[in-house]
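Here is what each chain is made of, one letter per residue.
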Amino acid sequence: MNEKILVVDDDSMNLRMAEFILNKSHYMVTKASSGQEALDMLQQGTMDLILLDIEMPEMDGFELMKILQDSVEWRKIPVIFLTADRSAETEEKCFQVGAVDYIGKPFVPSSMAQRIKRTLELEAYRKSLEKMVEAQLQRITQLQQDIIITMANLIESRDGTTGEHVKRTSLYVARFLDVLIEKGIYNEELTNEYVDYIKKAAPMHDIGKITVSDLILQKAGRFTEEEYAIMKNHAKAGQILIQENMSSIVDKKFVEIASDIAAYHHEKWNGNGYPEGRKEYEIPLCARIVAVADIYDALVAKRQYKEGMSSEEALAIMKKDRGITFEPVLFDIFEENIEIINC
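Residues numbered from 1 in each chain as written. Predicted model: local features only at pLDDT ≥ 70, side-chain atom pairs only at ≥ 80, totals over all residues. Heavy atoms only, no water.

Asker: Explain the overall build of the protein here, please?
Answerer: Within the protein one finds 14 helices and five strands. The C-alpha atoms of the protein give 30 Å as radius of gyration, which overshoots the globular expectation for 343 residues (20 Å, by more than 25%). The burial tally for the protein puts 44% of its 343 residues in the buried class. For the protein, the share of sequence-separated contacts (at least 6 apart) that also reach a separation of at least 24 residues comes to 62%. Within the structure as shown, the protein displays about 18,400 Å² of accessible surface, and the carbon and sulfur contribution to it stands at 53%. (Helix = DSSP H or I, 4+ residues; strand = E, 2+ residues; numbered from the N terminus. Rg over C-alpha atoms; globule rule 2.2 N^0.38 Å. Buried < 20%, exposed > 50% of the residue type's maximum accessible area, 1.4 Å probe, protein only. Contact = heavy atoms within 4.5 Å. Areas by Shrake-Rupley, 256 points an atom, 1.4 Å probe, with all protein chains shown as cover.)

Asker: Quick question: what am I supposed to make of the packing of aromatic side chains here?
Answerer: Centre distance and the angle of the planes are the two values used to describe a pair of aromatic rings. For the structure shown, the criterion picks out nine aromatic pairs. Ring plane angle 85° and centroid distance 6.3 Å describe the contact between Tyr 228 and Tyr 274, whose orientation is recorded as edge-to-face. Linking Tyr 228 in helix α9 (residues 225-245) with Tyr 274 in the loop between α10 (252-264) and α11 (285-300), this pair joins segments that are 46 residues apart in sequence. Taking the ring centre of Phe 62 as reference, the NZ or CZ of Lys 93 above it sits at 4.3 Å. Lying over the aromatic face of Tyr 264, Arg 278 brings its terminal NZ or CZ to 4.1 Å of the ring centre. (Phe/Tyr/Trp six-rings, centres within 6.5 Å; stacked < 30°, edge-to-face > 60°. Lys NZ or Arg CZ within 6 Å of the ring centre and 35° of its normal.)

Asker: Sorry, what's going on with a negative patch on the surface here?
Answerer: On the surface, Asp 10, Asp 11, Glu 55, Asp 85, Glu 89, Glu 91 and Glu 92 cluster together into a patch of negative charge. Checked against the element boundaries, Glu 92 lands in helix α4 (residues 88-96). (Patch = residues over 30% accessible without salt bridge, like charges linked within 9 Å, V, L, I, M, F, W, Y side chains within 5 Å. Salt bridge = Lys/Arg side-chain N within 4 Å of Asp/Glu carboxyl O. Lys, Arg positive; Asp, Glu negative; His and termini not counted. Charge placed at Lys NZ, Arg CZ, Asp CG, Glu CD.)

Asker: Would you explain unusual backbone geometry in this entry?
Answerer: It is generally the case that most residues other than glycine have a negative phi and that most peptide bonds are trans. Between Lys 105 and Pro 106 the backbone carries a cis peptide bond, its omega angle lying at -5°. Each neighbour pair has its own omega, and for Tyr 274 with Pro 275 the value is 15°, a cis peptide bond. Checked against the element boundaries, Pro 275 lands in the loop between α10 and α11. Its identity as a non-glycine residue notwithstanding, His 26 has a phi of 65°, on the positive side. Looking at the secondary structure, you find His 26 in the loop between α1 (12-24) and β2 (28-32). Relative accessible area serves as the criterion here: at 55%, His 26 is assigned to the exposed category.

Next comes the structure, spelled out in C-alpha cells:
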C-alpha cells in the first residue's frame, strides 16, 4: 500500500509543487492550506507522514506541531518541516519541537524525494520494531501468567482440592470487576491497569499456603486453635513470597497488588480479620474485592470435608456478614449481580 502524506502549506504553488514531486514517487497525497484544515484532514484518517510549512497565518507550523505532539493518536506521525528560513536557530527549533527533518524552500525535487523516502523507511523500521517488541512482551506476559496459574494450582492441590478453586475464584473476580466498572463503582481507583493486575493476581491469593503443613491443609475436621493460628500465617507468608520472589519477573505495581491480595484477603471490614486487623478502607481495594469472591466459592464449592451449597444459601450466609466481613457496597453489588458473576 502506498504511504499517505499530508502536505500543509498556505502557498498554493508550494502545494502543487509538492504534490507533483510526491505523485512521481507514487505516494497518496492529501493537501491542506491551513493548520485547521490539516486537523480536519487528520480527523478523517491518519497519515504516514506530514510535510508542514512553518510560516502560515492564524496557526503556524510550530503551533500545529504542538497540537500533534499533545495527541496520543497523532504524536507518532513523523513530521518534516517546510521552510525558506535556513538559519541555524530555525533548524534547531524544528528538531526541538519533534520534527524528524526539514526541507528547504524552494524545493529541490530529487533532494525532497530522497529525504521523504528515507524518513518513511525509518518509520517503517520503527513500526516493525514496535510490533516485534509488543509480540515478545505478550509472550513474556503469557508465560508469567502461566507460571502463576501453575503455582496456584499446585498449592491448591495440597489441601485436597484441584485447581478449580483458582479458576472459579479468578473468574468470579474478573466478572465482579466488570460489573463494578459498568456500575461506576470506584471508577477512579479501578483504572484499566489496576483492573488488569487484579485479574492476573487473583489466582495467587492463597500462595502462602505453600508454607503450611499438609497435616493441617488436609485435615478434614475443625482446626484446633494452634492449627488455626498456623493456617492464618499463610496470608503474611504469601505477601513475603511474592515480594521476595516476583520482583525480578513482573513490574513493581503488579507485585504490590498481588502481595496486597495475598496478605489482606482475610481482613474484615470491622477490623477482626487477619493478619493485621485492618478495617474498612485500610484494607486495599483489591483485597476487599477478592475476599468476596473467595468466600463465595469456599461456600458453594464441594470439598473433601464438606458438600457444596447453592448460590442462594451461600449469599444468605454472607449477607449476615455484610458490614462485618464484607464492605457493604461491594457485597450488595456482588449479590445483586450474582447471575452475571456466576453464569
